[in-house]
Amino acid sequence: VLVASVVTSVLRATDDAALQLVAVAERREWWRVATAHVAFVTPAEALIGALLMFRLRAVERCVGTPRFGVLVLVALAVGTLAQLGALVMLRALTYAPAPGPYVYVFAALVLYATHVPPTYYVRLCARLVASDKAFTYALAAHLLACSWPRGVLPALAGVLGGAVYRARWTRLATKQVRVHDAALAVYRDAAHA
């Protein structure tokens, strides 16, 4: 994500990475559906996003890699569809949603809030007590503030993706992505080389 953000910033291709309805629907630039979730636009967003993704690695440890893979796939699918649907309904929107892995970050934040227990508590004032999770929520709020108002739609789409994953009626939280044995063998060979 950091490398992609730096390359996007250096090439000044920030508008080319955004998910724009006109570009996708009329000019058939379908690659934007994938690139919209890869790189942040500004260095501040890239730094805060990288810190957030580092903090959110605890979600994968809590739910396991196969279920985390399902979370990422569901969040990206639901988030992309939600963004495109919102762009269709809000044609008067004068700006494109912010490019970057907002959908992934905010979907993982939903599971972070529900699955990851606090590690320690800190007394801030006489009666105000906060856990270590407050730092993660503050980073997410700062990421949203850095990209205001363009980051609101992808963030809401990510929360929706995380909620769909977590909803009992979808039963996605109990599914696992099955990886073919050959792919696992290649991974093991590469890891031991």
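Before reading on, note that the structure itself is shown above.
Residues numbered from 1 in each chain as written. Predicted model: local features only at pLDDT ≥ 70, side-chain atom pairs only at ≥ 80, totals over all residues. Heavy atoms only, no water.

(A) Spatial organisation of the overall build of the protein. The helix and strand tally for the protein stands at 11 helices and two strands. For the protein, the N- to C-terminal ordering of α and β elements is α-α-α-α-α-α-α-α-β-β-α-α-α. Burial statistics for the protein: of 193 residues in total, 39% are counted as buried. For the protein, the proportion of contacts with a sequence separation of at least 24, taken over those separated by at least 6, is 76%. (Helix = DSSP H or I, 4+ residues; strand = E, 2+ residues; numbered from the N terminus. Buried < 20%, exposed > 50% of the residue type's maximum accessible area, 1.4 Å probe, protein only. Contact = heavy atoms within 4.5 Å.)

(B) Summary view of the environment of A46. In this fold, A46 is placed in helix α5 (residues 43–55). For A46, a relative accessible area of 5% puts it in the buried group. Residues A46 and G100, spaced 54 residues apart in sequence, show a C-alpha to C-alpha distance of 8.5 Å.

(C) Representation of the nonpolar core within the structure. The biggest cluster of nonpolar side chains holds 34 residues, and the ones touching the most others in it are V59, V105, F106 and L143. Counting residues per element, this core draws most heavily on helix α8 (residues 102–115), which supplies 11 residues. For L143, the residues in contact, after removing those within four places along its chain, are F40, E45, I48, G49, L52, Y102, V105 and F106. (Core = buried A, V, L, I, M, F, W, Y, C linked by side-chain atoms within 4.5 Å.)

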